[in-house]
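Topology and contacts: notes
Chain residues, written in single-letter form:
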Number of protein chains: 2
Amino acid sequence: MSATIINGKEIAFQIREKLKNEIQTRAITPKLAVILAGHDPASEIYVKNKQKAAAEVGIETVLYRFEDDVNPKELEDLIDALNKDFSVNGILLQLPLPEGIDSSKILNRISPQKDVDGFHPFNMGLLMAGMNGGTVAATPKGILRLLKHAGIELAGKNALVIGRSNIVGKPMAMLLLNEDCTVSVAHSKTKDLKSLCQNADIIVSATGCLKLVQKDFIKDGAVLIDVGICRDENGKLCGDIDFEACLDKASFMTPVPGGVGPMTIAMLLENVLEAYLKQNA
Amino acid sequence: MSATIINGKEIAFQIREKLKNEIQTRAITPKLAVILAGHDPASEIYVKNKQKAAAEVGIETVLYRFEDDVNPKELEDLIDALNKDFSVNGILLQLPLPEGIDSSKILNRISPQKDVDGFHPFNMGLLMAGMNGGTVAATPKGILRLLKHAGIELAGKNALVIGRSNIVGKPMAMLLLNEDCTVSVAHSKTKDLKSLCQNADIIVSATGCLKLVQKDFIKDGAVLIDVGICRDENGKLCGDIDFEACLDKASFMTPVPGGVGPMTIAMLLENVLEAYLKQNA
């Protein structure tokens, strides 16, 4: 038996097509403000990709660029202005910010209604409390969508989330808990990852540690979701999970690349449209 | 070997004494507004106990009473007024509200700065994000204090939280995660509670199910924290955990009554003082 590969690229494409149609049908132009401070090469690429994907579905983006030595006050003033600007539906602050700037202080200044990343504590709290109306971070939201698209039943399943970031691990744990999974969260201080994995029906790994999850770690028929982005010994892009080895033991797997990654951008675009619709309801 | 009993009553007494001294030394009178709607007998007792404990440490309380048929608009208007009233440091909305009233809508109206229960999504989100400055719900905050008071090391330990309420289970999970525990959350849909318990160094049970956690569920030397309030077959007050049976297998245990319960009120009072100090910083 070979695991079913969950094609995130294809599912994300379908979602983007649906968003594009909805935006065209409604004859609207949601607008996303993107703030990029400094010249981190990965951030430059991420921002370019987000802008391109936004344009393709009919979302307008405006890029605000700052140098590495930007004064945090400038970022705050910009955010205050964007919060008040009715033409702006979403504000995306690309992380990481230049060294020495307190990201959480800047992030928390974004109006929760325009926080399309779902990183504002108010949005995190709505998710944690199981209350509607908040914005859910794009990556965990996309993963839940993949699980549901694949028809995987969640209630009562043992789900293990490896990694406890505010961007993936913690919101993922809360989403799975809201779906009635029994949820465990492992991280760098966890002592026996192997036995936790062996007990898990669903593993979401978001660490960036090459081949962290191996074949003898997983149970037969496990669902494996890989959020890691690593390079193997040959420089090939891969994830946290030993993909080839686990293929004949798992029931469902996401590939890297082409699994979770494309879903993140699709969910970000969906969050922008949802923000627009809420603001114009 | 017999487990060490964590004397919550005694520890809570010490905390209340400390709060009383601090309030006297500073010559201040923090003020807590308590809103009670309807005539739920348990709520009446809880409110009375909170008012009594507040008075003992020098916190003034003002009780706002409403009937079962209160119009939610009245509660909202009162909260708006209390939010603006500089003399009020904390607002406590006693739950449950009368049937038909959307508790979360009313709770979310309380200013996060005056939300001494820590139930507002913004405060929950600050906890989830690991950010400082928020208010943590009294029961999980008190449990963490008990664990630390007993000198129990938390980093790297497997912690199991049974129950996923917004008031205990979820914030408890986040607090333990912030302390570097590997955290699992079990609940009514969990399939194999026994094996989860057997793998746990620390169990926090908050379900109200009589003798849910039995001796053969726990590992040798487990730390058992009991948040449950049940009655046994003889009508005697007890918790979720089979206390007598686990005594010679666990390393630390909280009794019911006299364990977590007294800490909840002490932490509420501490939250009121902290709110006062933040508002008057």
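Along each chain, the written sequence defines residue order, and numbers are assigned to residues from 1. Following the order in which they are written, the chains are lettered starting with A and the ligands numbered starting with 1. Reporting in this predicted model follows two pLDDT cut-offs: at least 70 for local features of residues, and 80 or more for side-chain atom pairs to be given and counted; totals over whole chains, interfaces and linings ignore these cut-offs and use all residues.

**Things to note about the overall build of chain A**
Our working rule: The secondary structure listing takes helices from DSSP runs of H or I that are at least 4 residues long and strands from runs of E that are at least 2 residues long, numbered from the N terminus. Here the globule rule is a power law, 2.2 Å times the number of residues to the power 0.38, and the radius of gyration is based on C-alpha atoms.
Scanning chain A from terminus to terminus reveals 10 helices and 11 strands. Taking 281 residues into account, the globule formula puts the C-alpha radius of gyration at 19 Å, and chain A, at 19 Å, falls close to it. With the principal axes as the frame, chain A shows a C-alpha extent of 55 × 45 × 40 Å.

**Focus on the interface of chain A and chain B**
The condition is simple: Placing a C-beta atom from the backbone of each residue, one calls two residues in contact when those atoms lie within 7 Å. Residue type decides the class: Asp, Glu, Lys and Arg count as charged, Ala, Val, Leu, Ile, Met, Phe, Trp, Tyr, Cys and Pro as nonpolar, and the leftover types, Gly among them, as polar.
Contacts between the two partners involve 25 residues from chain A and, on the opposite side, 25 residues from chain B. Elements with a minimum of two residues in the side of chain A that touches chain B: α5 (121-129), α7 (169-178) and β6 (182-186) of chain A. If you tally residues by element for the side of chain A that touches chain B, the top one is α5 of chain A, at eight residues. In the side of chain A that touches chain B, the residues fall into 12 nonpolar, eight polar and five charged.

**Side note on α7 of chain A**
Residues and elements named next belong to chain A. Stated precisely, the cut-off is as follows: Neighbour density around each residue's C-beta defines its exposure: 20 or more other C-beta atoms within 10 Å make it buried, 12 or fewer make it exposed, and counts between make it partly exposed, where C-beta atoms are placed from the backbone.
α7 sits mainly inside the fold: nine of its 10 residues count as buried. Buried within α7 are the following residues: Gly169, Lys170, Pro171, Met172, Ala173, Met174, Leu175, Leu176 and Leu177. Of the residues one or two after α7, Asp180 is the one with positive phi, at around 75°.

**Description of the packing of helix α1 (residues 8-26) of chain A against helix α2 (residues 41-57) of chain A**
Residues and elements named next belong to chain A. As a reminder of what qualifies: Here the axes come from fitting lines to C-alpha atoms, over the contacting stretch only for helices, and the angles between their N-to-C directions go from 0 to 180 degrees. Any angle that falls under 35 degrees is termed roughly parallel, while one over 145 is termed roughly antiparallel, one within 65 to 115 roughly perpendicular, and all others oblique.
In the contact formed by α1 and α2, the axes pass within 8 Å of each other and the chain directions differ by 50°. Here α1 is positioned oblique relative to α2, judged by the angle of their axes. Judged by residue contacts, Arg16, Leu19, Lys20 and Ile23 of α1 engage Ala53, Glu56 and Val57 from α2. Its residues placed into classes, the contact of α1 with α2 shows four nonpolar, no polar and three charged.

**Structural notes on the domain arrangement of chain A**
Put simply, the rule is: Those domain boundaries reflect an automatic or database domain assignment.
Domain boundaries in chain A define domain 1 (26-112) and domain 2 (137-261). On a C-alpha basis, the centroid separation for the pair domain 1 of chain A and domain 2 of chain A is 29 Å.

**Section: the sheet that holds strand β4 (residues 90-93) of chain B**
Residues and elements named next belong to chain B. Convention followed: If DSSP finds at least two bridges between two strands, the strands pair.
With parallel pairing, three strands are arranged side by side in an open sheet as β3-β2-β4. Across the chains shown, the open sheet's two edge strands, defined by having one partner strand only, are β3 (60-66) and β4. On average, each strand axis in the sheet is tilted by 20° relative to the strand beside it, whichever way the strands run. Here strand β2 (residues 31-37) runs beside β3; their pairing, made up of seven bridges, is parallel.

**What to know about the pairing of strand β8 (residues 223-226) of chain B**
Residue and element names in this part refer to chain B. Neither face of β8 is left uncovered, since the one carrying Val223 and Ile225 and the one carrying Leu224 and Asp226 both have all their residues buried. Sheet topology places strand β7 (residues 202-205) next to β8; four bridges connect them, and they run parallel. When the sheet's bridge partners are listed, Val204 is paired in β8 with Ile225.

**Thoughts on the relation of the copies chain A and chain B**
In plain terms, the rule: What sets the superposition is a least-squares fit of C-alpha atoms, and only residues with pLDDT of at least 70 in both copies go into it.
For these two chains of identical sequence, chain A goes onto chain B by a turn of 180° and a shift of 0.0 Å along the axis, with RMSD 0.0 Å. The transformation relating the two chain copies, once decomposed into turn and shift, fits a two-fold axis. Of all interface residues in chain A, 100% are interface residues in chain B too; the two copies therefore contact each other through one and the same surface.

**Here we look at the pairing of β6 of chain A**
Residue and element names in this part refer to chain A. With five of its five residues buried, β6 lies for the most part within the structure. Covered by surrounding structure in β6 are Thr182, Ser184 and Ala186 together with Val183 and Val185, the residues of both alternating faces. In this structure, strand β5 (residues 158-162) lies alongside β6, joined through five bridges in parallel fashion. Residue pairing in the sheet places Ile162 in a bridge with Ala186 of β6.

**A word on the environment of Phe13 of chain B**
Mapped onto the elements, Phe13 of chain B comes out in helix α1 (residues 8-26). The spacing of Phe13 of chain B and Pro262 of chain B is 249 residues in sequence and 8.1 Å in space, taken between C-alpha atoms.

**What to know about helix α3 (residues 72-84) of chain A**
Residue and element names in this part refer to chain A. Our working rule: By definition here, a helix of n residues has an expected span of 1.5 Å times n minus one. Directions from the helix axis toward the C-beta atoms define the arc.
Given a rise of 1.5 Å per residue, 13 residues ought to cover 18 Å, and the 19 Å separating the end C-alpha atoms of α3 matches this to within 8%. All of the buried residues along α3 are Leu75, Ile79 and Leu82. Angularly, the buried residues of α3 cover 65° about the axis, an arc narrow enough to put them on a single face. Relative to its buried face, α3 has exposed residues pointing more than 90 degrees away, namely Lys73, Glu74, Asp77, Ala81 and Lys84. Among the structural elements, β2 (31-37), β3 (60-66), β4 (90-93) and α4 (103-107) are those in contact with the buried residues of α3.

**A word on unusual backbone geometry**
For the peptide bond that leads from Val256 of chain A to Pro257 of chain A, omega is 0°, which places it in the cis range. Within the element layout of this structure, Pro257 of chain A appears in the loop between β11 (252-253) and α10 (260-279). Of note in this structure, Lys211 of chain A is not a glycine but carries a positive phi near 50°. Relative to the helices and strands, Lys211 of chain A is located in the loop between β7 (202-205) and β8 (223-226). With phi around 70°, Asp180 of chain B is a residue other than glycine that occupies positive phi space.

**A short note on the nonpolar core**
Convention followed: Each nonpolar core consists of buried Ala, Val, Leu, Ile, Met, Phe, Trp, Tyr and Cys residues. Their C-beta atoms, within 7 Å, join them into a set.
Formed by 170 residues in total, the largest nonpolar core has its most connected members in Ile203, Leu224 and Leu269 of chain A together with Ile203, Val204, Leu224 and Leu269 of chain B. Ignoring sequence-local partners within four residues, the contact set of Ile203 of chain A consists of Leu160, Ile162, Cys197, Val213, Ile218, Ala222, Leu224 and Ile225 of chain A.

**A word on the packing of α1 of chain A against α10 of chain A**
All names here are of chain A. As a reminder, the rule being used: For any helix crossing, the convention is left-handed if the near helix is rotated counterclockwise from the far helix by under a right angle, and right-handed if that rotation is clockwise.
For the pair α1 and α10, interaxial distance at closest approach is 8 Å and the crossing angle is 20°. By the angle between their directions, the pair α1 and α10 is classed as roughly parallel. Judged by the twist between their axes, the crossing of α1 over α10 is left-handed. Contacts between α1 and α10 pair Gly8, Lys9, Ile11, Ala12, Ile15, Arg16, Leu19, Glu22 and Ile23 from the former with Val260, Gly261, Pro262, Met263, Ala266, Leu269, Glu270 and Leu273 from the latter. Looking at the contact of α1 with α10, its residues break down into 11 nonpolar, two polar and four charged.

**As for the sheet that holds β11 of chain A**
Taken in spatial order, the 12 strands line up as β1(A)-β11(A)-β8(A)-β7(A)-β5(A)-β6(A)-β6(B)-β5(B)-β7(B)-β8(B)-β11(B)-β1(B) in an open sheet, and their pairing is mixed. In this open sheet, the two edge strands, each paired with only one partner strand, are β1 (4-5) of chain A together with β1 (4-5) of chain B. The sheet contact formed by β1 of chain A and β11 of chain A spans two bridges and is parallel. From the neighbouring strand, Thr4 of chain A faces β11 of chain A, where its bridge partner is Phe252 of chain A.

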